[in-house]
Amino acid sequence: MTVLLHLDASPRRRSVSRDVGAAFVAGWQEVRPTGVRTYRDLTADPVPFIDEAWTELCDHVLREGITELDRLKEAVRTPAQAAAWAIVEPLLAELIAADVVLIATPMYNYSVPASLKSWLDQVTFPRMSLAGRRFVVASARGGSYAPGAPKAPYDHQERYLRDFFVGHFAVDDVTFINAELVNARIDPALAHLRDAHERSLAEALKSARELGRRYAQEAADE
């Protein structure tokens, strides 16, 4: 059975990234209404930052050449490391069990929120592979970072996540659905771009729902 892991990273309870992520889930559930969906809100239930004991786990995995995900626990040798592993284990189990990972996140300061970065740090170990899984990123950005836009060179959100998924997870099946110009809703200096934002949001919601349906149908056909 195909499993969807859905993460929300926005601190806003009502946010554009949450709405775009929810559109993907709605499309998914149209096709797979009883499918398995694991949900984690990274701001309502924050993932702690990694600590020194986590780095010791990572060092042991690297030193011993452990790449199999089911062997990572072998790195636990002290009470502090056991406490660090107790944080990692449920997060990693959710990720490993997933066939599709949906990350709904805003762009913060040209990159990703600390809540998402903390989750990524906790579940990432040297030379691990999640190949075969699909990642979808539903994002909201205050300005426009589309190709050709003046701020496009400052987009370290999509670039970072693409590089991360390929470099650390060996996953290159990644789709980004971006709602642009969200700040046009509140910033008087961007008021003239409100219509462009609404078009971007409408397209993002439509694309997310269609992609959710498509991925669910493809999973059902396997």
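Just so we're clear, the structure is a prediction, and the values are computed from it rather than from any experiment.

A.B. asks: An account of the overall build of the protein chain is needed here, citing residue identities and associated values.
C.D. replies: Regarding its fold elements, the protein chain presents 6 helices and 5 strands. When the helices and strands of the protein chain are placed in sequence order, the string is β-α-β-α-α-β-α-β-α-β-α. Its C-alpha atoms give the protein chain a radius of gyration of 18 Å, within 12% of the compact-globule value 17 Å for 222 residues. For the protein chain, the spread of C-alpha atoms along the principal axes amounts to about 60 × 40 × 30 Å. A total of 222 residues make up the protein chain; the buried ones form 48% of that total. Contacts in the protein chain between residues far apart in sequence, at least 24 positions, make up 79% of those at least 6 positions apart. Of the roughly 11,000 Å² that the protein chain leaves accessible, carbon and sulfur atoms contribute 52%.

A.B. asks: I'd like a rundown of the layout of surface pockets, residues and numbers included.
C.D. replies: A volume near 480 Å³ is recorded for the largest pocket. Forming the walls of the largest pocket are 19 residues, and the residues nearest its centre are Arg-12, Val-16, Ala-140, Val-182 and Asn-183. In terms of residue count, the dominant contributor to the lining of the largest pocket is helix H1 (residues 16-31) (3 residues). When the residues that make up the lining of the largest pocket are grouped by side-chain class, the tally is 8 nonpolar, 6 polar and 5 charged. Within this model, the second largest pocket holds a volume of roughly 150 Å³. Looking at the second largest pocket, the residues that line it are Thr-2, Asp-99, Val-100, Gly-132, Arg-134, Tyr-215, Glu-218, Ala-219 and Glu-222. Classifying every residue of the lining of the second largest pocket gives 3 nonpolar, 2 polar and 4 charged.

A.B. asks: Tell me what's going on with the packing of helix H3 (residues 79-97) against helix H4 (residues 114-123), and back it up with residues and numbers.
C.D. replies: For the pair H3 and H4, the least separation of the axes is 9 Å and the interaxial angle reads 95°. By the angle between their axes, H3 is roughly perpendicular relative to H4. Contacts from Ile-87, Val-88, Leu-91, Leu-92 and Leu-95 in H3 reach Trp-119, Gln-122 and Val-123 in H4. Grouping the constituent residues of the contact of H3 with H4 by class yields 7 nonpolar, 1 polar and no charged.

A.B. asks: Go over the sheet that holds strand E2 (residues 36-41), please, and point to the residues and values.
C.D. replies: Read across the open sheet, the 5 strands follow the order E2-E1-E3-E4-E5; overall the sheet is parallel. At either end of the open sheet lies a strand with only one pairing partner, and these are E2 and strand E5 (174-179). Averaged over neighbouring strand pairs, the angle between their axes works out to 15° when direction is ignored.

A.B. asks: Could you give an account of the packing of H1 against helix H6 (residues 194-221), with specific residues and numbers?
C.D. replies: The N-to-C vectors of H1 and H6 enclose an angle of 35°; their axes lie 7 Å apart at closest approach. When the axes of H1 and H6 are compared, the crossing they make is right-handed. For the pair formed by H1 and H6, the contact residues are Val-16, Asp-19, Val-20, Ala-23, Phe-24, Ala-26, Gly-27, Trp-28, Glu-30 and Val-31 on the first element and Leu-201, Ala-204, Leu-205, Ala-208, Arg-209, Leu-211, Gly-212, Arg-213, Tyr-215, Ala-216 and Gln-217 on the second. Considering only residue class, the contact of H1 with H6 consists of 14 nonpolar, 3 polar and 4 charged.

A.B. asks: Can you explain the nonpolar core? Please cite residues and give values.
C.D. replies: Counting residues in each nonpolar core, the largest one holds 40 residues, and the members touching the most others are Leu-95, Trp-119, Phe-125, Phe-135, Phe-165 and Phe-169. Elements that contribute at least two residues to this core include exactly strand E1 (3-8), helix H2 (52-64), H3, strand E3 (100-106), H4, strand E4 (134-140), helix H5 (158-169) and E5. Here the element with the most residues in this core is H3; it accounts for 6 residues. Every residue in contact with Phe-169, bar those within four places of it in the chain, is listed here: Leu-95, Val-123, Thr-124, Met-128, Ser-129, Leu-130, Ala-131, Phe-135 and Phe-164. Counting 22 residues, the second largest nonpolar core, distinct from the first, contains Leu-4, Val-100, Ala-140 and Ile-177.

A.B. asks: Talk me through the side chain of Arg-32; I want residue IDs and the actual numbers.
C.D. replies: Looking at where Arg-32 falls in the secondary structure, it is placed in the loop between H1 and E2. No salt bridge is formed by the buried Arg-32, whose closest oppositely charged neighbour, Asp-99, lies at an N-O distance of 7.5 Å. Excluding residues within four positions of it along the chain, Arg-32 makes contact with Met-1, Thr-2, Ala-216, Ala-219 and Ala-220.

A.B. asks: Give me the lowdown on the side chain of Ser-139, citing residues and values where you can.
C.D. replies: Mapped onto the elements of the fold, Ser-139 is located in strand E4. A polar contact is formed between the side chain of Ser-139 and the side chain of Gln-157, at a distance of 3.5 Å.

So, how was this worked out
- Residues numbered from 1 in each chain as written.
- Predicted model: local features only at pLDDT ≥ 70, side-chain atom pairs only at ≥ 80, totals over all residues.
- Heavy atoms only, no water.
- Helix = DSSP H or I, 4+ residues; strand = E, 2+ residues; numbered from the N terminus.
- Rg over C-alpha atoms; globule rule 2.2 N^0.38 Å.
- Buried < 20%, exposed > 50% of the residue type's maximum accessible area, 1.4 Å probe, protein only.
- Contact = heavy atoms within 4.5 Å.
- Areas by Shrake-Rupley, 256 points an atom, 1.4 Å probe, with all protein chains shown as cover.
- 1 Å grid on protein atoms, 1.4 Å probe; cavity = no way out; pocket = protein on both sides within 12 Å on 5 of 7 lines; lining within 4 Å.
- Points joined across faces, edges and corners; volume = space filled by probe spheres on them.
- Nonpolar A, V, L, I, M, F, W, Y, C, P; charged D, E, K, R; others polar.
- Axes fitted to C-alpha atoms, helices over the stretch in contact; angles between N-to-C directions.
- Parallel < 35°, antiparallel > 145°, perpendicular 65-115°, else oblique.
- Pairing = 2+ DSSP bridges.
- Left-handed = near helix turned anticlockwise from the far one by under 90°.
- Core = buried A, V, L, I, M, F, W, Y, C linked by side-chain atoms within 4.5 Å.
- Lys, Arg positive; Asp, Glu negative; His and termini not counted.
- Salt bridge = Lys/Arg side-chain N within 4 Å of Asp/Glu carboxyl O.
- Polar contact = N/O pair within 3.5 Å; in protein donor to acceptor, adjacent residues only side chain to side chain.

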